[in-house]
Amino acid sequence: MRRRTRPLAVLAAVAVVAPLAACASGDGSTPVLTWYINPDAGGQARIAASCTEEADGAYRIETELLPRDAASQREQLARRLAAKDASIDLMSLDPVFIAEFAEAGFLAPVPDDVAQATTQDVVQGAIDASTWKDELVAVPFWANTQLLWYRTSVAEAAGLDMSQPVTWDQIMEAAAGQDKLLAVQGAKAESLTVWINALVEGAGGHVVENPEAPAEDIELGLVSDAGREAARIMGEIGSSGLGGPGLPSENESASLELFQGDDASFMVNWPFVWSSTQGAVESGALDQAVLDDIGWALYPQTVEGEQARPPYGGISLGVGAFSAHPDLAYQAAECIVQPENQAAYFVTDGNPPASTTAYDDPEVQETFPMADLIRDSLEQAAPRPKTPFYNEVSTGLQQTWYPPSDVDPQTTPERSSEYITAVLRGERLL
């Protein structure tokens, strides 16, 4: 018998989770809003304190720290929300789980005036990621995208004009021609899904064609020219050795370490690269010459002449559907995402703004010389599939496109599509 795969598998364990009572007030009169935040360098706590002061007694924001990895964040929040936990007023949500939470009824509706105010002068990628079924269901906070980082000495030797768009094939050829390594994320992790999605989107396709459909009706777009081109690029990097011997276990941090080495050429990675490399130079762990040799450009094109669709990441703010103070929570969200707060958060914590105007802040421009490029990249960035069954899709991709050396354009897209479809229809287990 076919079984419909349901989002939020953790719902099966809800019975053992007791709802937590919301703290109605801190001093008998001031409502307390609890904001569940992802780990950072303290920036969200500073914004919470600033907005508490700005509220002038209307509310007070307290932060609660979520686990470090996104999957554990999802599980903790899902368990509590499924138990109608009223203590969750605000949440820092990974974009890939927004559709799932919205479909489950875990997010309080965004008031029209809040939606209008918090999407003005906001990069399109952040708006797209915060939208489900044509409605804004979360408030864009900070956004993230991958750039193409390169060693200027390698690009110059290859004769590449990095002020113009370059393709994956061009950087692969440039690296191979100089016996250099190409830093990408090949580990069996979410970073692999990020890479696959960007390659497919860059070729004009989509991993999921109808993300709003029920599980048994979802159609995948992997068996297509776009899917095969994505598989060709990944497979060539894996089988040729361009990704280095550590590719099957290479995540974002390992990619950066490879890129900082003597055999480096190009790397796709998030903006943390810049501050991390600066820190390594300041600590003496890395020579200044390495930092001086680093350049940055837009994510490479999958198909020459076709606009690249860089990965999109970041955080949006959700308001819990069972909060005792949803109106105050949305007031707080508007304060949190003010452009000046986003700019300060970028400078202190390295997380790029969703607000386009925040990039004009002088301190942002001084701290991140590639700030304008990040903003441009976010305008054309492609979110990962927005579906309540994202966990099944992402895990299925990681199971079937790994290791990169085994990816074959003639077989991998079809095998992957068949596997994920069977999982969604309840005919196979992940």
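See the structure shown above.
Residues numbered from 1 in each chain as written. Predicted model: local features only at pLDDT ≥ 70, side-chain atom pairs only at ≥ 80, totals over all residues. Heavy atoms only, no water.

Engineer: What exactly am I supposed to notice about the pairing of strand S3 (residues 90-93) here?
Structural biologist: Alternating positions in S3 separate into two faces, Leu-90 and Ser-92 on one and Met-91 and Leu-93 on the other, with burial throughout. With four bridges joining them, S3 and strand S11 (residues 312-319) adopt antiparallel strand pairing. Residue pairing for S11: Met-91 is matched across the bridge by Gly-318. (Buried < 20%, exposed > 50% of the residue type's maximum accessible area, 1.4 Å probe, protein only. Helix = DSSP H or I, 4+ residues; strand = E, 2+ residues; numbered from the N terminus. Pairing = 2+ DSSP bridges.)

Engineer: Would you mind showing me how to read the packing of aromatic side chains here?
Structural biologist: To describe a pair of aromatic rings, you give the distance between the ring centres and the angle between the ring planes. All chains considered together, the criterion is met by nine aromatic pairs. Between Trp-168 and Tyr-299, the ring centres sit 5.8 Å apart and the planes meet at 75 degrees, which makes this aromatic pair edge-to-face. In this pair, Trp-168 is assigned in helix H7 (residues 168-177) and Tyr-299 in the loop between strand S10 (294-297) and S11, connecting sequence segments 131 residues apart. You'll find Trp-168 and Tyr-299 in the same group, each marked buried. Counting every residue linked through ring pairs, the aromatic cluster contains Trp-35, Phe-141 and Tyr-345. In this structure, Arg-151 packs its charged tip against the face of Phe-259, placed 5.9 Å from the ring centre. (Phe/Tyr/Trp six-rings, centres within 6.5 Å; stacked < 30°, edge-to-face > 60°. Lys NZ or Arg CZ within 6 Å of the ring centre and 35° of its normal.)

Engineer: Whenever I open this one, unusual backbone geometry confuses me. Can you help?
Structural biologist: Outside of glycine, negative phi angles account for most residues, and trans bonds account for most peptide bonds. With an omega of -10 degrees, the peptide bond running from Tyr-402 to Pro-403 counts as cis. Along the polypeptide, Pro-403 turns up in the loop between helix H17 (390-400) and helix H18 (412-424). Positive phi is not limited to glycine here, since Asp-121 has a value of about 55 degrees. Among the residues examined, Asp-121 registers a relative accessible area of 42% and is labelled partly exposed. Positive phi values are uncommon outside glycine, yet Asp-179 reaches one of about 55 degrees. Structurally, Asp-179 can be placed in the loop between H7 and strand S8 (181-183). On the basis of relative accessibility, which here comes to 68%, the residue Asp-179 falls in the exposed class.

Engineer: Any chance you could explain the nonpolar core here in plain terms?
Structural biologist: The tendency in soluble globular proteins is for nonpolar side chains to be buried side by side. Core analysis: the biggest nonpolar cluster contains 49 residues, and Met-162, Trp-168, Trp-195, Ile-237, Phe-266 and Trp-401 have the highest contact counts within it. Other than its neighbours up to four places away in sequence, Ile-237 contacts Trp-168, Met-172, Leu-182, Val-184, Trp-195, Leu-242, Gly-243 and Leu-247. If you look at the next biggest cluster of nonpolar residues, it comprises 35 residues, including Ala-126, Ala-143, Val-273 and Leu-291. (Core = buried A, V, L, I, M, F, W, Y, C linked by side-chain atoms within 4.5 Å. Contact = heavy atoms within 4.5 Å.)

Engineer: Help me understand the sheet that holds strand S6 (residues 139-145) in this model?
Structural biologist: Within a beta sheet, neighbouring strands are joined by backbone hydrogen bonds and run either parallel or antiparallel to one another. An order of S2-S1-S3-S11-S6 is seen for the five strands of this open sheet, with the pairing classed as mixed. Each edge of the open sheet carries a strand with a single partner, namely strand S2 (60-65) and S6. For this sheet the average axis-to-axis angle between neighbouring strands, irrespective of direction, equals 20 degrees. The pairing of strand S1 (residues 32-37) with S3 spans two bridges and is parallel. Of the residues in S3, the one forming a bridge with Trp-35 is Leu-90. Contacts from helix H1 (residues 43-55) reach S1, S2, S3 and S6, with the element oriented near 165 degrees to S2. (Axes fitted to C-alpha atoms, helices over the stretch in contact; angles between N-to-C directions.)

Engineer: Please explain the pattern of salt bridges as it appears in this structure.
Structural biologist: Side chains carrying opposite charge are able to pair once their charged atoms draw close together. Applying the stated criterion to the full structure yields 14 salt bridges. Notably, a salt bridge pairs Glu-229 with Arg-232, separated by 2.6 Å at the nearest N-O pair. Of this pair, Glu-229 and Arg-232 are both found in helix H9 (residues 225-240), three residues apart, which corresponds to roughly one turn of the helix. Between Glu-236 and Arg-232 there is a salt bridge, with its nearest N and O atoms 3.1 Å apart. With Glu-236 and Arg-232 both in helix H9, this residue pair falls four residues apart, about one helical turn. Residue Glu-236 is classed as partly exposed on the basis of its relative accessible area of 34%. (Salt bridge = Lys/Arg side-chain N within 4 Å of Asp/Glu carboxyl O.)

Engineer: When you look at the packing of H1 against helix H14 (residues 339-349) in this model, what are you seeing that I'm missing?
Structural biologist: Geometrically, a packed helix pair is captured by the angle between its two axes and the distance between the axes. For the pair H1 and H14, interaxial distance at closest approach is 10 Å and the crossing angle is 150 degrees. As summarised for this structure, H1 and H14 are arranged roughly antiparallel, according to the angle between their axes. For the pair H1 and H14, the sense of crossing is right-handed. Where H1 approaches H14, its residues Gly-43, Gln-44, Arg-46, Ile-47 and Cys-51 are matched on the opposing element by Asn-341, Tyr-345, Thr-348 and Asp-349. (Parallel < 35°, antiparallel > 145°, perpendicular 65-115°, else oblique. Left-handed = near helix turned anticlockwise from the far one by under 90°.)

Engineer: For this particular structure, what's the right way to read the sheet that holds S8?
Structural biologist: Across the sheet, which stays open at both edges, the four strands sit in the order S8-S9-S7-S10 with mixed pairing between neighbours. Each edge of the open sheet is held by one strand with a lone partner, namely S8 and S10. Here the average twist between neighbouring strands, direction ignored, is 20 degrees. Summarising the sheet, strand S7 (residues 147-151) and S10 pair through four bridges and their orientation is antiparallel. Residue Leu-148 lies in a different strand from S10, and its bridge partner there is Ala-297. Packed on one face of the sheet, helix H10 (residues 252-259) meets S7, S8, strand S9 (264-269) and S10 and runs near 155 degrees to S9.

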